[in-house]
Amino acid sequence: MSAEAARAAEILTQLSNPARLIAFAELVKHGVNGATIAEMSIHLDMPKPEAGEVCARLVGAGLATGTGNGVFRARADVLREAAQTLDRAQPIAPLLAGYPQLRSFFSHGRLTSLPPTMSERYQQIGELFARFLAVDGVLTEDEVNRRLAVLTDDVAAVRRMLVETGWLERDRAGTSYGSARTLPTPA
């Protein structure tokens, strides 16, 4: 993991704490006006010192700014940048850059849906997954499943799609897979 991705993961980890997540959401709601520790204490239903600690953690993570007079403001742009950084670190990201028309089928590096079976996009997504698998030789079904599980929860549907679109060929027993055709050179 790159240093940039590790930093982004740390920012998101800070928001895994329920109190910090609620505090961040409250600061976002308050917008440019921000909120004081007293206001945050009310919103978070906790004493001022604890609310101040929660806000200080957000400032430390770069998710908020604090002023000397106790007003805190959210930095939503930092959260957005962290999410984008982690998206770019996903294994499919470099390949997906060459298939911008398929981005709507992915969320944060994971396949969320397949296009209609007879569509051009179905063929294109098959090609994208074939590039990702980079099959050289013969793979067991378990190997194919492990590689696909990085990108999708429904490995069986994607494996079937790869066979249907002609990118993978399976043996008669259905236990081994190989490349069915040569991938075209990227444009």
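About the criteria used
- Residues numbered from 1 in each chain as written.
- Predicted model: local features only at pLDDT ≥ 70, side-chain atom pairs only at ≥ 80, totals over all residues.
- Heavy atoms only, no water.
- 1 Å grid on protein atoms, 1.4 Å probe; cavity = no way out; pocket = protein on both sides within 12 Å on 5 of 7 lines; lining within 4 Å.
- Points joined across faces, edges and corners; volume = space filled by probe spheres on them.
- Helix = DSSP H or I, 4+ residues; strand = E, 2+ residues; numbered from the N terminus.
- Nonpolar A, V, L, I, M, F, W, Y, C, P; charged D, E, K, R; others polar.
- Axes fitted to C-alpha atoms, helices over the stretch in contact; angles between N-to-C directions.
- Parallel < 35°, antiparallel > 145°, perpendicular 65-115°, else oblique.
- Contact = heavy atoms within 4.5 Å.
- Pairing = 2+ DSSP bridges.
- Expected span 1.5 Å × (residues − 1).
- Buried < 20%, exposed > 50% of the residue type's maximum accessible area, 1.4 Å probe, protein only.
- Arc of directions from axis to C-beta.

1. Some details on the layout of surface pockets
Phase 1: Here the largest pocket defines a volume of roughly 190 Å³.
Phase 2: Within the residue set of the lining of the largest pocket, elements represented by two or more residues are α5 (76-88), α6 (93-96) and β4 (106-107).
Phase 3: Its residues assigned to classes, the lining of the largest pocket comprises 5 nonpolar, 4 polar and 3 charged.

2. Observations regarding the packing of helix α3 (residues 37-44) against helix α4 (residues 48-60)
Phase 1: Where α3 contacts α4, the axes come no closer than 8 Å and their chain directions differ by 100 degrees. Here α4 runs roughly perpendicular to α3, going by the angle between their axes. Contact residues: I37, A38, M40, S41 and L44 in α3; K48, A51, G52, V54 and C55 in α4.
Phase 2: Tallied by class, the residues present in the contact of α3 with α4 amount to 7 nonpolar, 2 polar and 1 charged.

3. Digging into the sheet that holds strand β6 (residues 138-140)
Paired through backbone hydrogen bonds, the strands of a sheet run either parallel or antiparallel to each other.
Phase 1: Pairing is antiparallel in the open sheet, where 3 strands are placed in the order β6-β8-β7. In this open sheet, the two strands that pair with only one neighbour each are β6 and β7 (168-170). Looking at each pair of strands side by side, their axes are set apart by 35 degrees on average, direction ignored.
Phase 2: Judged from the 3 bridges that link them, β7 and strand β8 (residues 176-179) form a sheet pairing that is antiparallel. Paired with E169 across the bridge in β8 is G178.

4. Comments concerning the environment of A93
Phase 1: Secondary-structure assignment places A93 in helix α6.
Phase 2: Considered as a pair, A93 and V71 are 22 residues apart in the sequence and their alpha carbons are 39 Å apart.

5. Topic: α4
Phase 1: The first and last C-alpha atoms of α4 sit 18 Å apart over 13 residues, in line with the 18 Å expected at 1.5 Å per residue.
Phase 2: Looking only at α4, the buried set comprises A51, G52, V54, C55 and L58. In an axial view of α4, the angular spread of the buried residues amounts to 160 degrees, which keeps them on one side of the axis. Of the exposed residues in α4, the ones pointing more than 90 degrees away from its buried face are P49 and G60.
Phase 3: Turning to α4, the residues buried within the fold contact α2 (18-30), α3, β2 (64-66) and β3 (71-74).
Phase 4: Just beyond α4, the residue with positive phi is G62, at close to 85 degrees.

6. Some words on helix α9 (residues 155-164)
Phase 1: Buried within α9 we find V155, A157, V158, R159, M161 and L162.
Phase 2: The elements touched by buried residues of α9 are β5 (110-111), α7 (120-133), α8 (141-149), β7 and β8.

7. Topic: the pairing of β3
Phase 1: Of the strand pairs in this sheet, strand β1 (residues 35-36) and β3 are connected by 2 bridges, and their pairing is antiparallel. Counted as the bridge partner of T36 is V71 from β3.
Phase 2: Taking the residues between adjacent antiparallel strands as the criterion, β2 and β3 are bridged by 4 residues, where G70 takes a positive phi near 80 degrees.

8. A closer look at unusual backbone geometry
Phase 1: The phi dihedral of D45 is positive, around 55 degrees, even though this residue is not glycine.
Phase 2: Even without a glycine there, the phi angle at A134 is positive, about 45 degrees.
Phase 3: Counting through the fold element by element, A134 comes out in the loop between α7 and β6.

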